[in-house]
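# Secondary and tertiary structure notes
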Amino acid sequence: DQGSLGRADSLLNKIIPVAAEFGNTELEAYANLLTGKSKSSARNFTQAIPYYRKAFRSLEKNESRVIVDCANAYLKTLAETKGSEEARSVMASPVLQQYIRQCTNKERLDYLKASIHFRWNSFSLAEMQAYYQDLLRLETTVTEEQQLQSSKELQAKYQFEKQELKNQSLERENQFLR
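Bear in mind that the values here come from a model prediction, so they are computed numbers and not experimental data.

Cut-offs and rules
Residues numbered from 1 in each chain as written. Predicted model: local features only at pLDDT ≥ 70, side-chain atom pairs only at ≥ 80, totals over all residues. Heavy atoms only, no water. Phe/Tyr/Trp six-rings, centres within 6.5 Å; stacked < 30°, edge-to-face > 60°. Helix = DSSP H or I, 4+ residues; strand = E, 2+ residues; numbered from the N terminus. Buried < 20%, exposed > 50% of the residue type's maximum accessible area, 1.4 Å probe, protein only. Arc of directions from axis to C-beta. 1 Å grid on protein atoms, 1.4 Å probe; cavity = no way out; pocket = protein on both sides within 12 Å on 5 of 7 lines; lining within 4 Å. Points joined across faces, edges and corners; volume = space filled by probe spheres on them. Nonpolar A, V, L, I, M, F, W, Y, C, P; charged D, E, K, R; others polar. pLDDT = per-residue confidence, 0-100. Contact = heavy atoms within 4.5 Å. Core = buried A, V, L, I, M, F, W, Y, C linked by side-chain atoms within 4.5 Å.

Let's shift gears to the packing of aromatic side chains. Counted by the stated rule, this structure contains 2 aromatic pairs. Each ring, one from Phe56 and one from Tyr74, has its centre 5.8 Å from the other, and the planes form 55 degrees; the classification is tilted. Placement of Phe56 in helix 3 (residues 45–61) and of Tyr74 in helix 4 (residues 67–81) is noted, with a sequence separation of 18 residues between them. The class for Phe56 is buried, based on a relative accessible area of 0%. We classify Tyr74 as buried; its relative accessible area is 0%. Among the aromatic residues, ring-to-ring pairing joins Tyr52, Phe56 and Tyr74 into one connected group.

Set out below in structure tokens:
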């Protein structure tokens, strides 16, 4: 809700200068990223861009892995504001490209979805088809990974509850034998 976003923005606006004062560029970048996300979620896209820009440049300078998350949010916001030139600059970052090759399938899928707005018109029909196939393949992989994770969580929960019941049964047996 707007009240929560306002309180979050207020807190982040206090963190940013303190982080800068102490020279904690990673914290400052992360606070800028969160402020950008807050502004974007309130649909204040033009207000979000300067925060994303600061966060991205700092994360790029520090060669931080968080740059992928930042780029995805930044590109989505630039798509809303028709910021094609800035988006191409973001996508050309060697640091971002390095981490895109190393990131999770979910992060890569989000990147492909966010960057398509700025790339589609430069693709040939064959390139567009290959891009779309990569997108579908990644989407399938991410779905399978999420289902596997859910299955593992359910299995772990089942095993835990099974052990709890066994422990309770043994406890009752012990009390009965006393």
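Let us keep going from here.
Our next topic: the environment of Asn174. The topology assignment puts Asn174 in helix 8 (residues 125–177). When the C-alpha positions of Asn174 and Arg101 are compared, they lie 57 Å apart, and in sequence the two are 73 residues distant.

On to helix 6 (residues 94–102), then. Restricting attention to buried positions, one finds in helix 6 the residues Val95, Leu96, Tyr99 and Ile100. The arc enclosing the buried residues of helix 6, seen along the axis, measures out at 135 degrees, which places them on a common side. What points out from helix 6, more than 90 degrees from its buried face, is the exposed set Pro94, Arg101 and Gln102.

Next up on the list: the layout of surface pockets. As a volume, the largest pocket reaches approximately 170 Å³. Looking at the largest pocket, the residues that line it are Lys37, Ser40, Phe45, Tyr52, Asp69, Asn72, Ala73, Lys76, Thr77, Glu80, Glu107 and Asp110. For the lining of the largest pocket, the secondary structure elements donating two or more residues are helix 2 (25–41), helix 3, helix 4 and helix 7 (105–119). Considering only residue class, the lining of the largest pocket consists of 3 nonpolar, 3 polar and 6 charged.

Turning our eyes to something else, we now look at the confidence of the model for the protein. When pLDDT is averaged along the protein, the result is 87; 98% of the residues meet or exceed 70. Taken element by element, the protein is modelled with least confidence in helix 1 (residues 2–21), mean pLDDT 76, and with most confidence in helix 3, mean pLDDT 92.

Our focus in this paragraph is the side chain of Ser40. Inspection of the secondary structure assignment puts Ser40 in helix 2. Apart from the residues lying within four places of it in its own chain, the contact partners of Ser40 are Phe45, Ala48, Tyr52 and Thr77.

Time to look at the nonpolar core. With 28 residues, the main nonpolar core has Phe56, Ile67, Leu75, Leu78, Val90 and Leu96 as its most contacted residues. Taken together, the elements giving at least two residues each to this core come down to helix 2, helix 3, helix 4, helix 5 (84–91), helix 6 and helix 7. Among the elements that line this core, the one with the most residues is helix 4, at 9 residues. Apart from the residues lying within four places of it in its own chain, the contact partners of Phe56 are Ile67, Cys70, Ala71, Tyr74, Val90, Ser93 and Leu96. Counting residues in each nonpolar core, the second largest holds 8 residues, with Leu112, Ile116, Leu135 and Leu138 among its members.

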